[in-house]
Amino acid sequence: MSEKEKIETKPADQKEEIKKGLRAIWRHVRPFKKELSVLVVLGVVSAIANGFVPYVTGRFFDALIDLSNGTNVLTSSSLPLWAVLLGVWVFVQLVANNIDWVMDRLRRKVDIGVQTGLQTKGFTHLLRTPLMYHKNVHINGVLQKISALSWRVSAIVRTITDIAPQFLSIIIGITLAASINTFLASILVIGVLLYVALLIKILMPIAVMDSAAHKSWNEAWDDAAQAVTQIESVKHASTEEYESHTVRETLMGRTYNMWMKIEHKWSNVIFFQRIIVFATQFAVFLFSVQFVSNGVITVGELVALNGYSLMFFGPFVSLGYSWQTIQNGITMSAQAEEIFDVAEENYAPENAVTPEHFAGEVVFKNVTFAYGAGQPKVLDGVNLKVNAGEVVAFVGESGVGKSTAISLISGYYFPSKGRVLVDGVDTRKLHLTNLRKNIAVVPQEVALFNNTVKSNISYGSPDATDEEIARAVEEAHASEFIKALPLGYDTIVGERGVKLSVGQKQRVAIARAILRNPKILILDEPTSALDSETERKVTEALEKLMKGRTTFIIAHRLSTVRKADRIFVLEKGKIIEEGSHDELMKIKGGNYRHRYELHIGLV
């Protein structure tokens, strides 16, 4: 299938996408219902006031013409008509301008609130989505969509709240224009209808094109961002030119061409819009020559009609200019809605159990797991029991289910069949936040925040004192290298901890785990990428950390697991061997024994 075919959107699908986008926009602006209601009320008053301005202006000019001809028309209160009309004009303008000022302030409040609120909602939603979601998407692309969505939705709200009162002014204007001269008013209406027909004819195809262009742009942006975030891999493979060529081809090639077709359409809209406005005003002026000369209308009424012509076309011209913003926002909202549709983790299931004290016993009862329907089984009928305080290890080839089993303990996933029990309680019934606070993980690849060393150590333990942090650092054998850093604990470690070595990051992770004082400890290949001296220091720190805690070790290097109380050997999602190192070494032809002998060079 070609790239073009991949991003095509059928008209029927586009209609559904528009409905979906509108529902999404309303969901994001609904928290501001009160402010929007006030804007509607003020908009009605503003529309009425603005609708009368051309009429009063025209009557005022007629009064001035009468005055210049020596006729000073007086009102019933003996005041000059021109003075009364000027006073009315001033009053109407003051009302309209003050209301518009209040509306602008309120509109800006909603605008900023929608934008920052949507970003806040997006980030907090992502923090609560399941781990599986994050593993299955381009997260940089997701974040980019949320960012773009926030300012696009706020732009839609700003545009609609700005234009809507003007359309109400049109209704008032049509009524007053018709009271002046029905024929000239009908010319204005015909001009507006022609412009509306033009918009509909041109904008409907643009809606489909816009959706396809957005998909193309999102795909190109995701791929380009992925290459930048994986810069080390790009440099190692010397593929800078390849990635640059791909970016140019997708963004400046395919996506650019699609956007240019849309921009040409918009250029046509603007051109024909000006032609229609010109033709309508020309027709009004042309017929007005005869009407004024015959006394059918006055010069002031002509001025009023000209004002109404600008009033009629103004909102539609603004809508034409803004429609691209609106259409882009609707499309983006529909496409980004799939992010907000992702179900968040249920941290507190109904009747959730929150034990006061965790011991750390873990039991797998006939556990089977697959990553979705139709997917192969990662674990198949696993049964095991790990007593509180026991140290166990999972051994096996990559992809046999070791990491998956660990994820089930933390409640990141739940068994497709069977049960995982922590202290006798099914993980489906446990309060997940409480469960995870009692688990600490020292991963193989430690990713730190771009913050200070101290902040990274205390992450997850915000109430830790300086003394507790220092004690954890000493136990993790991290004190020496931290003191050698330029600013010690206040040194910024860089993105993902890039300023620290692998061993230093491991010891920061160990210090963080010590500070959490967990009941269950998970060590995921914590020494696999270390040199001998650093491995010795990290191993010493880990042995202190493991004392009195239920510990799960995932390892390929079998020297790491020799001291485990029990070792589980996994193959094709099943436990095929279980026992201590010495017990497993006694099994002739056993899987573990073969691996160990291969590891030390006997095979």
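This is a predicted model, so every value here is computed, not measured.

A.B. asks: Could you clarify how one ought to interpret the overall build of the protein chain in this entry?
C.D. replies: Tallying secondary structure elements over the protein chain gives 19 helices and 10 strands in all. Against the compact-globule benchmark of 25 Å for 603 residues, the protein chain has a radius of gyration of 36 Å, which places it well outside the compact range. Summarising its shape, the C-alpha atoms of the protein chain cover approximately 120 × 55 × 50 Å along the three principal directions. Within the protein chain, the proportion of its 603 residues that are buried is 46%. The long-range share in the protein chain, meaning contacts at least 24 apart out of those at least 6 apart in sequence, stands at 78%. Roughly 31,100 Å² of accessible area belongs to the protein chain as shown, and the carbon and sulfur atoms make up 58% of that amount. For the protein chain, the distance from the average position of its 65 positive side-chain charges to the average position of its 61 negative side-chain charges is 3 Å.

A.B. asks: Teacher, can you tell me more about the pattern of salt bridges here?
C.D. replies: Pairs may arise between side chains of opposite charge once their charged atoms sit close together. As enumerated under the stated definition, the model contains 19 salt bridges in all. In this structure, the salt-bridge partner of R428 is D426, at a minimum N-O distance of 3.3 Å. On the basis of relative accessibility, which here comes to 33%, the residue R428 falls in the partly exposed class. Here the salt bridges do not stand alone but share partners, grouping D104, R107 and R108 into one network.

A.B. asks: Honestly, the nonpolar core in this entry has me stumped. Any pointers?
C.D. replies: Nonpolar side chains in soluble globular proteins tend to end up buried together. Ranked by size, the top nonpolar core spans 45 residues in total, and within it I457, I510, V561, I567 and Y592 carry the most contacts. For this core, the leading source of residues is helix α16 (residues 502–516), giving seven residues. Ranked by size, the runner-up nonpolar core spans 36 residues in total, among them I187, V192, I202 and Y308.

A.B. asks: In this structure, what is going on with the pairing of strand β2 (residues 377–386)? I would like to understand it.
C.D. replies: Each regular strand displays side chains that alternate between the two surfaces of the sheet. Strand direction decides the pairing type here: strand β1 (residues 362–370) and β2, joined by six bridges, are antiparallel. When the sheet's bridge partners are listed, V363 is paired in β2 with K385. Taking the residues between adjacent antiparallel strands as the criterion, β1 and β2 are bridged by six residues, where G372 takes a positive phi near 105 degrees.

A.B. asks: Mind showing me how you'd approach a nonpolar patch on the surface here?
C.D. replies: On the surface, F61, L64, L67, W82, L86, W89, V90, L94, V299 and V303 cluster together into a nonpolar patch covering about 750 Å² of accessible area. Every element with two or more residues in the nonpolar patch is listed here: α3 (33–68), α4 (81–128) and α10 (299–340). Per-element tally for the nonpolar patch: the top contributor is α4, with five residues. One can find F61 in helix α3.

A.B. asks: Looking at this structure, how should I read the sheet that holds strand β7 (residues 520–524)?
C.D. replies: Two modes of strand pairing occur in sheets, parallel and antiparallel, and in both the strands are linked by backbone hydrogen bonds. Sheet architecture is open: six strands sit in the order β6-β7-β8-β3-β9-β10, paired in mixed fashion. Every interior strand has two partners, whereas the edge strands, β6 (439–442) and β10 (574–579), have only one. Each adjacent strand pair in this sheet contributes to an overall mean axis angle of 20 degrees, direction not counted. For β6 and β7, the ladder comprises four bridges, and the chain directions are parallel. Bridging across to β7, V442 finds its partner in L523. Those strands touched by helix α11 (residues 402–409) are β3 (391–395), β6, β7, β8 (550–555) and β9 (566–571), and its axis lies near 155 degrees from that of β8.

A.B. asks: Help me understand the sheet that holds strand β4 (residues 417–422) in this model?
C.D. replies: Across the sheet, which stays open at both edges, the four strands sit in the order β2-β1-β4-β5 with antiparallel pairing between neighbours. Two strands bound the open sheet, and with one partner strand each, they are β2 and β5 (425–426). Together, β1, β2 and β4 form the strand contacts of α11, whose direction differs from that of β1 by roughly 120 degrees.

A.B. asks: What exactly am I supposed to notice about the packing of α3 against α4 here?
C.D. replies: Geometry of a packed helix pair, given as the angle between the helix axes and the separation of the axes. Put simply, α3 and α4 touch, their axes get as near as 8 Å, and they point 155 degrees apart. In this view, α3 runs roughly antiparallel relative to α4, as classed from their interaxial angle. For the pair α3 and α4, the sense of crossing is left-handed. Here the residues of the contact of α3 with α4 sort into 26 nonpolar, five polar and five charged.

A.B. asks: Where do I start with the environment of Y412 in this structure?
C.D. replies: Its place among the elements puts Y412 in the loop between α11 and β4. Considered as a pair, Y412 and I180 are 232 residues apart in the sequence and their alpha carbons are 72 Å apart. Not counting chain neighbours up to four residues away, the residues in contact with Y412 comprise L131, E345, S407 and R436.

A.B. asks: What is the right way to read the packing of aromatic side chains from this model?
C.D. replies: Aromatic ring pairs: the centre-centre distance and the angle between the two ring planes describe each pair. Scanning the model with the defined rule gives 12 aromatic pairs in all. Aromatic side chains Y371 and Y413 sit 5.3 Å apart centroid to centroid with 90 degrees between the ring planes, which places their arrangement in the edge-to-face category. Linking Y371 in the loop between β1 and β2 with Y413 in the loop between α11 and β4, this pair joins segments that are 42 residues apart in sequence. Residue Y413 is classed as buried on the basis of its relative accessible area, which comes to 4%. Seen from their ring centres, F449 and Y459 are 4.5 Å apart, and the 45 degrees between their planes marks the pair as tilted.

A.B. asks: Explain helix α9 (residues 240–293) here, please?
C.D. replies: Given 3.6 residues per turn, any residue in an α-helix points the same way as the ones three and four places further on. Along its 54 residues, α9 runs 76 Å from first to last C-alpha, staying within 8% of the 80 Å computed at 1.5 Å per residue. The largest bend in α9 amounts to roughly 40 degrees and is located at Y256. In the segment just after α9, G295 is the residue with positive phi, at about 80 degrees.

A.B. asks: What exactly am I supposed to notice about the domain arrangement of the protein chain here?
C.D. replies: Accessible area lost upon the coming together of the parts serves often as the stated size of an interface. Here the domain parsing of the protein chain yields domain 1 (12–70 + 79–180 + 325–344), domain 2 (182–296) and domain 3 (362–600). In this assembly, 17 residues from domain 1 lie in contact with 17 residues from domain 2. Across the domain 1 to domain 2 interface the summed buried area is about 1,500 Å²; carbon plus sulfur atoms make up 57%. Taken together, domain 1 and domain 2 are joined by zero salt bridges.

What counts, and at which threshold
Residues numbered from 1 in each chain as written. Predicted model: local features only at pLDDT ≥ 70, side-chain atom pairs only at ≥ 80, totals over all residues. Heavy atoms only, no water. Helix = DSSP H or I, 4+ residues; strand = E, 2+ residues; numbered from the N terminus. Rg over C-alpha atoms; globule rule 2.2 N^0.38 Å. Buried < 20%, exposed > 50% of the residue type's maximum accessible area, 1.4 Å probe, protein only. Contact = heavy atoms within 4.5 Å. Areas by Shrake-Rupley, 256 points an atom, 1.4 Å probe, with all protein chains shown as cover. Lys, Arg positive; Asp, Glu negative; His and termini not counted. Charge placed at Lys NZ, Arg CZ, Asp CG, Glu CD. Salt bridge = Lys/Arg side-chain N within 4 Å of Asp/Glu carboxyl O. Core = buried A, V, L, I, M, F, W, Y, C linked by side-chain atoms within 4.5 Å. Pairing = 2+ DSSP bridges. Patch = residues over 30% accessible without salt bridge, like charges linked within 9 Å, V, L, I, M, F, W, Y side chains within 5 Å. Axes fitted to C-alpha atoms, helices over the stretch in contact; angles between N-to-C directions. Parallel < 35°, antiparallel > 145°, perpendicular 65-115°, else oblique. Left-handed = near helix turned anticlockwise from the far one by under 90°. Nonpolar A, V, L, I, M, F, W, Y, C, P; charged D, E, K, R; others polar. Phe/Tyr/Trp six-rings, centres within 6.5 Å; stacked < 30°, edge-to-face > 60°. Expected span 1.5 Å × (residues − 1). Bend = angle between axes of the 7 residues up to and from the residue. Domains from an automatic or database assignment. Buried area = accessible area lost by both parts, 1.4 Å probe.

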